[in-house]
Amino acid sequence: MKLETAMSRLFLKVHLSDRFSMPHSQSSCSAVSFLRHKILLANRLYHDSEADVYDIHHGEIFNVYAQFKLRRILAFCVKTLESSTNRKPLRVLDNACGTGNLTEKLVKYDVKIDAVDISPEMLTALRQKIDGTYGHKCRTFATDVDSFVQAAVINSYDLIAFSSALHHLPDYAETLRNTIRILSRPGILLIYHEPIDSDSIHIKPLSQKLRSLDRFVWKYWGKSIRRKGHSHTPITQVDSDLVDFHVRRGGIDSDRLIEIINAHQGKVIGYAATSENMRHWWSAWIDNFFGLRRDNFHLVALFK
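Residue positions are given per chain, counting from 1 as you read along its sequence in written order. This being a predicted model, a pLDDT of at least 70 is required before a residue's local features are given, and a value of 80 or more before pairs of side-chain atoms are given or counted; all residues contribute to the totals for chains, interfaces and linings. Side-chain numbers here rest on the full set of heavy atoms in the structure, without hydrogens or water.

Novice: What am I meant to see in the overall build of the protein chain here?
Specialist: Elements are defined by DSSP. Helices are runs of H or I of four residues or more, strands are runs of E of two residues or more, and each kind is numbered from the N terminus. Helix and strand counts for the protein chain stand at 13 helices and nine strands. When the 304 residues of the protein chain are sorted by exposure, 52% land in the buried category. Looking at the protein chain alone, contacts between residues at least 24 apart form 79% of all its contacts between residues at least 6 apart. Just so you have it, the protein chain exposes about 14700 Å², and 54% of that area is on carbon and sulfur atoms. When accessible area is computed with a 1.4 Å probe and restricted to protein chains, residues below 20% of their type maximum are described as buried, those above 50% as exposed, and intermediate ones as partly exposed. We call two residues contacting when some pair of their heavy atoms lies within 4.5 Å. All accessibility values rest on the Shrake-Rupley procedure with a 1.4 Å probe; residue burial counts only the protein chains present in the view.

Have a look at this one:
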């Protein structure tokens, strides 16, 4: 199903009519704009509220195995660029950067980074990680990704990354098209830790049991650690269905992303469907080593 159709018909019919009582006389263009505003607002409120505890609560992103894998992917991206261009330092855009999962690793290379996030609190957490030794390598921008990308000039960046970001955006396909416009040639696009579309999910029964054990240990063993911090905004005031907009609607269509990349003369040089929802390194390693689950993906595309 086309993303625009899902946004304008499915969600507007079910959600907006029930929750926001949007006047029927408004145009479809205004309806999509209204939906976009609601998605962005929900994401800002939600991520502001959990910025202080984001790294602690998201073991599926910050466990040792996931971090090791991410470092290898980033090293591959930097090495590929260094062999393709003489530009130094490399210009990097970390879209929807959050607390800086990518940025804090990339600053150790010869780079200049622009980190963009709609949540000011997330950017504060990022600056706390890198200020000092690496702070001069990174600028932060508290705005939504689409506004930033649309205002940027072409050929602005050598590496543009989305990490656990596309599924939060109103229209990820349109965002990707606009992002490719500002990518240098040669340049690399990295999409990391995104939920695979529901038709491509692969889960073996053993993975379900492993996941139950993973969640049991996470709930009780690390409970005291995850009590750190308090939300600035009561989570009941935020519509989680809007926050993880595309997770609730079947995930991210990686085939569609690849079609867009190919249409803009890009080439996918790395792709993997993996398990990315285990909270501990040992369960993540088992799930991936034995191929028990595929529910997330990452891809690397090179544009020449």
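Novice: Would you mind going over the nonpolar core with me for this structure?
Specialist: Across soluble globular proteins, nonpolar side chains have a tendency to be buried as a group. In these notes, a set of buried Ala, Val, Leu, Ile, Met, Phe, Trp, Tyr and Cys residues joined through side-chain atoms within 4.5 Å is what counts as a nonpolar core. Among the nonpolar cores identified, the biggest contains 29 residues, and Ile-160, Phe-162, Leu-166, Leu-189, Ile-191 and Leu-257 are the most heavily contacted of them. Secondary-structure elements contributing two or more residues to this core are α8 (145–151), β4 (157–163), α9 (172–181), β5 (183–195), α12 (254–263) and β9 (296–303). Aside from chain neighbours lying at most four places away, what touches Leu-257 is Leu-166, Tyr-172, Leu-176, Ile-191, Ile-252 and Phe-297. Counting 26 residues, the second largest nonpolar core, distinct from the first, contains Leu-90, Val-111, Leu-126 and Ile-130.

Novice: How should I be thinking about the packing of helix α5 (residues 64–82) against helix α13 (residues 281–289) in this particular structure?
Specialist: A pair of packed helices is characterised by two quantities: the angle between their axes and the separation of those axes. The interhelical angle for the contact between α5 and α13, taken along N-to-C directions, is 60 degrees, at an axis separation of 7 Å. When the axes of α5 and α13 are compared, the pair comes out oblique. Counted together, Val-64, Tyr-65 and Lys-69 of α5 and Trp-281, Ala-284, Trp-285 and Asn-288 of α13 form the full contact between these two elements. Residues were grouped as follows: Ala, Val, Leu, Ile, Met, Phe, Trp, Tyr, Cys and Pro as nonpolar; Asp, Glu, Lys and Arg as charged; and all remaining residues, including Gly, as polar. Here the contact of α5 with α13 is built from residues that sort into five nonpolar, one polar and one charged. Angular values range over 0 to 180 degrees, each being the angle between N-to-C directions of two axes fitted as lines to C-alpha atoms, with helices fitted over their stretch in contact. Roughly parallel covers angles under 35 degrees, roughly antiparallel covers those over 145, roughly perpendicular covers 65 to 115, and oblique covers all other angles.

Novice: Whenever I open this one, helix α10 (residues 205–220) confuses me. Can you help?
Specialist: A turn of α-helix holds 3.6 residues, and therefore any two residues three or four places apart point the same way. In a helix, the anticipated span is given by 1.5 Å times the number of residues less one. Its 16 residues give α10 an end-to-end C-alpha distance of 24 Å, which sits within 8% of 22 Å, the value for a rise of 1.5 Å per residue. For α10, the full list of buried residues reads Ser-207, Leu-210, Asp-214 and Trp-218. Looking down the long axis of α10, one finds its buried residues gathered within 75 degrees of arc, a one-sided arrangement. For α10, the exposed residues set more than 90 degrees away from the buried face come down to Pro-205, Lys-209 and Phe-216. Against α3 (54–57), α4 (59–62), β6 (202–203), α13 and β8 (293–294) lie the buried residues of α10. Directions pointing from the helix axis toward each C-beta atom define the arc.

Novice: I would appreciate a short explanation of the pattern of salt bridges in the present structure.
Specialist: Charged atoms that come close allow side chains of opposite charge to pair. Salt-bridge detection follows one rule: a side-chain nitrogen of Lys or Arg within 4 Å of a carboxyl oxygen of Asp or Glu. This model, assessed by the stated rule, comprises 18 salt bridges. With a shortest N-O distance of 2.6 Å, Asp-55 and Lys-129 are connected by a salt bridge. With Asp-55 in helix α3 and Lys-129 in helix α7 (residues 120–130), this pair connects stretches of sequence that are 74 residues apart. The class of Lys-129 is partly exposed, set by a relative accessible area of 31%. A network of salt bridges, in which partner residues are shared, links Asp-55, Glu-104, Lys-105 and Lys-129.

Novice: In this structure, what is going on with the state of the cysteines? I would like to understand it.
Specialist: Among covalent bonds in proteins, the disulfide is the one between the sulfur atoms of two cysteines. Defined by distance alone, a disulfide is two cysteine sulfur atoms within 2.5 Å. If you walk through the whole model with that rule in mind, you get zero disulfides. Not engaged in a disulfide, the cysteine Cys-138 finds its nearest cysteine sulfur in Cys-97; these two sulfurs lie 7.1 Å apart.

Novice: What's the story with empty space enclosed by the protein in this structure? I'm lost.
Specialist: A probe matching the size of a water molecule, rolled over the atoms, marks out where space remains unfilled. Note on definitions: the grid is 1 Å and covers protein atoms alone; a cavity is a set of points where a 1.4 Å probe fits but cannot get out; a pocket is an open set with protein on both sides within 12 Å along at least five of seven lines; lining residues have an atom within 4 Å of a point. Grid points are joined across faces, edges and corners, and a volume is the space filled by probe spheres set on the points. Applying the stated criterion across every chain, the model contains one cavity of 30 Å³ or more. Counted as a void, the largest cavity has a volume near 30 Å³. If you go around the largest cavity, the residues you meet are Glu-60, Ile-61, Ala-66, Gln-67, Leu-70, Asn-101, Tyr-192 and His-193. Looking at the lining of the largest cavity, the elements with two or more residues in it are α4, α5 and β5.

Novice: What am I meant to see in unusual backbone geometry here?
Specialist: Glycine aside, the phi torsion of most residues is negative, and most peptide linkages are trans. For the bond running from Lys-88 to Pro-89, omega is -5 degrees, close enough to zero to count as cis. Following the sequence through the fold, Pro-89 ends up in the loop between α5 and β1 (90–95). With an omega dihedral of -5 degrees, the bond running from Arg-185 to Pro-186 counts as a cis peptide bond. If you trace the backbone, Pro-186 turns up in strand β5. The phi dihedral of Asn-155 is positive, around 60 degrees, even though this residue is not glycine.

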